[in-house]
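Examination of the molecular architecture
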Amino acid sequence: MSEKQHQAEHRNRPTGEAFRAFMGQDWAPRPGGLPELTEAARYAAARRQVVSAAFPGERLVVPAGGLKVRSNDTDYVFRPHSAFAHLTGLGADREPDAVLVLDPVHEEDGTPARHEAVLYFLPLADRDSTEFFADSRVGEFWVGTRPTLASAAAELGVGTRPLGELEDALAKDVGPGGLTLRVVRDADREVAELVDRVRGRSGAVTEQDEQAVLEADQALARSLSTQRLVKDEWEIRQMAEAVEATARAFDAVVEQLPEAVARGRGERWVEGVFGLHARHAGNGVGYDSIAAAGEHATTLHWIRNTGDLHPGQLLLLDAGVETDSLYTADVTRTVPVDGTFTPAQRKVYEAVLEAQEAGLAACRPGSRFKDVHAAAIEVIARHLLDWGLLPDGVTLEQTLDAEEGQFHRRWMVHGTSHHLGIDVHDCALALREDYVDGELREGMVLTVEPGLYFKSEDLRVPPELRGIGVRIEDDVVVTADGCRNLSAMLPRTADEVEAWVRAGGRRD
C-alpha cells in the first residue's frame, strides 16, 4: 500500500536461481518463543471496546499508513497514524502498510455483539524468499526483521493475517442489506480507495450515496479523535514520562547556551542538542522544534532555526520529546541567553507569566475549555491597555468583545491551550461542542501557553519592546479538584529562569 514512485531500477542485483538458493541456505534458526502481551496493548483493547459500542454491526478499517518518499529511493521515518497507534498499542515506526480491521461479531439472532480485531500486515518473510535479501523497502537485509503473524498476535492480543488477504476480508458480506464499511480515509489513500472499490463492486454504494459514505467515514475519524479527549492512566503516565524527558533536554540546552553563542547558527545548535536528547530518551521530537532567538521569537512557528544567539537576546524554545509510544510533551520556556533579563524583557515576561497563572487556575473540572483562554487573554489585554498599545478610547471590556474588539490579538494571535497526547494537537477532529465549548474533565491533558510578540517593525510598540517575543507553556492534566502541572519542575518565574541559566541548566 506504500506510496512509491515508479522509476527505473538501477541496482545491480543477482537474479539467478542458484544465487537465490545460496542466499537461503546456512542460516542459524531464528530465536524461539513469543513476546508477552504489552501493557500498551492491554489498554488498547479497552479502547477498541468503546469503538465497538459506538459502531455496532459495522466493519471498521483503521490503516497505519504507508511509507512516504523523501528523496528518490529513501523514505521518511515512518510514523503510524494516531488512530491506529491508539487502537493497537503500536508506536515508534511500527508497522508500515498495516491495517487494523474491527470485524463485527453477531449473536445467533443476528444482534451485534462485539467486534473482533484483526491486524493485516506484511509478516516476516522466509529466508529463501527474494524479499529477504532484495527488497530494499521491507526486506530483512535492508531494514531488519519484522514480526511474524504469531509474534504480532501475542504482542498485541489481536488476530493477525497477511496483508494480501485484506481485500477479500473487506468484501466479505458487504452488499445491499449486508455489512457497512467505514474507513479512516486520511490514514492511507490507497486503503481508502480499496474500500471504495469494494463498496462499488458489491453494489453497497451508488453514486448517489457517495456523499453519505464520505460523511460516515468522517464520523468514524471524528469519533476516534474525540475518544482521546480523556486519557486513561497509562496514557497519563506516558505523558509524564515525555515531559520529564523534555525537562532534561531543556536543561541540556541551557547548559549549552555559551557553546551555541560561540559557534554561530546557535539556533541550530539548540535544535540539535534538544533533538539528541529526544532521540536518546524516546522516539525523537514530537514536532519540529522552535528555537527562536531575538526577533525570530516573534514568529510563532519559527522552525528554520538558522539564526545566531547573542548575549542580551531572549531564546524562545518550544519543543517536546515524543516517547516510543508516540505520546509527546509540548513545553516552551523563554530564557535570557546571558542569564539576565533586561528591564523591558522582564516586563513582558512577567505579564505573560501572570496570564499563564490565570490560565492554569481555570484548568479544573467543570470549567469550559475556552475558559482557559479567556482567563489568560484578559490578563494580556489588561497589560496592553495599561501600556497604551490599544486604540485610543478602547476599554478592557471593548477589546475583549468577541465581535467588535479583539485588538489585543495583534500581539497574541494564537489560542492559549490545546489538547495534548498522541498528537501534539490532539483530538483535532472533535466537534467544537466537544472541544472548545466542551467541559473540562478529569484525565484531560492540556497545554497552557500565553505569549506576547512585538515585531521589530511594529511602530505602535515602544522601541524598547520591539523584537521581544515571550511564550511560557506547560502541560497539565486535569485532576478531580484542579490540575497537576506535569512540567512544573522547570523554572518559570523570571528570577528562577535567570538562576537556571546562570547555573548552566542545573535546577535547585
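Here goes a summary of the coordinates provided. Just so it is clear, the structure is predicted and the values come from calculations on it, not from any experiment.

Focus: the overall build of the chain
A count of helices and strands for the chain gives 16 helices and 17 strands. Against the globule reference of 23 Å for 508 residues, the chain gives a C-alpha radius of gyration of 26 Å, in line with a compact fold. With respect to the three principal axes, the spread of C-alpha positions in the chain is 75 × 55 × 40 Å. When burial is assessed residue by residue, the chain has 50% of its 508 residues classed as buried. Contacts spanning at least 24 positions in sequence make up 71% of the contacts within the chain whose residues lie at least 6 apart. Working note: accessible area of the chain is about 23500 Å², and carbon and sulfur atoms make up 49% of it. Averaging the locations of the 55 positively and 85 negatively charged side chains of the chain gives two centres separated by 2 Å.

Here's the deal with helix 2 (residues 39–54)
If you check helix 2, its first and last C-alpha atoms are 24 Å apart, about what 16 residues at 1.5 Å a residue would give, namely 22 Å. Those residues of helix 2 that sit buried are A40, A41, Y43, A44, R47, R48, V51 and S52.

Some words on the pairing of strand 12 (residues 331–336)
Among the 6 residues of strand 12, 6 are classified as buried, and the element is accordingly described as predominantly covered. With 6 bridges joining them, strand 10 (residues 314–319) and strand 12 adopt antiparallel strand pairing. Among the inter-strand pairings, L314 is bridged to a residue of strand 12, identified as P336.

What to know about the state of the cysteines
This structure, assessed with the given rule, holds 0 disulfides. C483 provides the cysteine sulfur closest to C363, a residue in no disulfide bond, and the two sulfurs are 4.9 Å apart. For C363, a relative accessible area of 1% puts it in the buried group.

As for the packing of aromatic side chains
How two aromatic rings sit relative to each other is given by the distance of their centres and the angle of their planes. Under the counting rule described, the total for this entry stands at 11 aromatic pairs. Between F369 and Y435, the ring centres sit 5.0 Å apart and the planes meet at 85°, which makes this aromatic pair edge-to-face. Of the two residues, F369 is situated in helix 14 (residues 369–386) and Y435 in the loop between helix 15 (396–400) and strand 13 (445–448); the sequence distance between them amounts to 66 residues. Look at F369 and you get buried, because its relative accessible area is 7%. Following the ring pairs from residue to residue traces out a cluster consisting of W27, F132 and F141.

Side note on the nonpolar core
Counting residues in each nonpolar core, the largest one holds 54 residues, and the members touching the most others are V270, F274, L315, L384, L452 and F454. For L384, the residues in contact, after removing those within four places along its chain, are L389, L390, H408, W411, L452 and F454. Ranked by size, the runner-up nonpolar core spans 26 residues in total, among them A98, A117, A152 and L156.

Comments concerning the sheet that holds strand 5 (residues 112–121)
The strand order across the open sheet formed by 5 strands is 6-5-4-1-7, and the pairing between neighbours is mixed. The open sheet is flanked by strand 6 (159–162) and strand 7 (180–183), the only strands paired with a single partner. Across the sheet, the mean angle from the axis of one strand to that of its neighbour is 25°, orientation sign disregarded. As defined by bridge partners, strand 1 (residues 58–63) adjoins strand 7 across 4 bridges and the pair is classed as parallel. If you follow L60 over to strand 7, its bridge partner there is R182. Lying on the sheet, helix 9 (residues 210–227) is in contact with strand 1 and strand 7; it crosses strand 7 at an angle near 55°.

Some words on helix 13 (residues 343–361)
Here helix 13 spans 27 Å end to end across 19 residues, near enough to the 27 Å set by a 1.5 Å rise per residue. Residues A344, Q345, V348, Y349, A351, V352, L353, A355, Q356, G359 and L360 constitute the buried set of helix 13.

Some thoughts on the packing of helix 2 against helix 9
Close contact between helix 2 and helix 9 brings their axes to 11 Å; oriented N to C, the two are set at 140°. In terms of orientation, helix 2 and helix 9 fall into the oblique class. As for the relative orientation of helix 2 and helix 9, their crossing is right-handed in sense. Contact residues: R47, V50, V51 and A54 in helix 2; S223, L224 and Q227 in helix 9. Looking at side-chain class alone, the contact of helix 2 with helix 9 contains 4 nonpolar, 2 polar and 1 charged residues.

What to know about the sheet that holds strand 17 (residues 483–485)
Read across the open sheet, the 3 strands follow the order 13-16-17; overall the sheet is antiparallel. A single partner strand is all that each edge strand has here, and the edge strands are strand 13 and strand 17. Taking each pair of neighbouring strands and ignoring which way they run, the sheet shows an average axis angle of 35°. Relative to strand 16 (residues 474–478), strand 13 runs antiparallel, the two sharing 4 bridges. Its bridge partner lying in strand 16, V448 is registered against D474. Lying over the sheet, helix 13 contacts strand 13, strand 16 and strand 17, oriented at roughly 160° with respect to strand 13.

Here's the deal with the pattern of salt bridges
By the definition in use, this model includes 35 salt bridges. For E95, the salt bridge identified is with R94, shortest N-O distance 2.8 Å. For R228, the salt bridge is made with D423, and the minimal N-O distance between the two is 3.4 Å. Placement of the pair is R228 in the loop between helix 9 and helix 10 (233–255) and D423 in the loop between helix 15 and strand 13, with a sequence separation of 195 residues. Looking at D423, the relative accessible area reads 23%, which means it is partly exposed. One network of salt bridges, in which partners are shared, links R79, R228, K231, E322, D423 and D426.

With respect to the environment of S325
Assignment of secondary structure puts S325 in the loop between strand 11 (321–322) and strand 12. A relative accessible area of 16% places S325 in the buried class. Along the sequence, S325 and M239 sit 86 residues apart, while their C-alpha atoms lie 9.9 Å from each other. Look past the residues within four positions of S325 in its chain and what remains in contact with it is G91, W234, Q238 and I422.

Conventions used here
Residues numbered from 1 in each chain as written. Predicted model: local features only at pLDDT ≥ 70, side-chain atom pairs only at ≥ 80, totals over all residues. Heavy atoms only, no water. Helix = DSSP H or I, 4+ residues; strand = E, 2+ residues; numbered from the N terminus. Rg over C-alpha atoms; globule rule 2.2 N^0.38 Å. Buried < 20%, exposed > 50% of the residue type's maximum accessible area, 1.4 Å probe, protein only. Contact = heavy atoms within 4.5 Å. Areas by Shrake-Rupley, 256 points an atom, 1.4 Å probe, with all protein chains shown as cover. Lys, Arg positive; Asp, Glu negative; His and termini not counted. Charge placed at Lys NZ, Arg CZ, Asp CG, Glu CD. Expected span 1.5 Å × (residues − 1). Pairing = 2+ DSSP bridges. Disulfide = S-S within 2.5 Å. Phe/Tyr/Trp six-rings, centres within 6.5 Å; stacked < 30°, edge-to-face > 60°. Core = buried A, V, L, I, M, F, W, Y, C linked by side-chain atoms within 4.5 Å. Axes fitted to C-alpha atoms, helices over the stretch in contact; angles between N-to-C directions. Parallel < 35°, antiparallel > 145°, perpendicular 65-115°, else oblique. Left-handed = near helix turned anticlockwise from the far one by under 90°. Nonpolar A, V, L, I, M, F, W, Y, C, P; charged D, E, K, R; others polar. Salt bridge = Lys/Arg side-chain N within 4 Å of Asp/Glu carboxyl O.

Shape descriptors only; they carry no functional weight alone.
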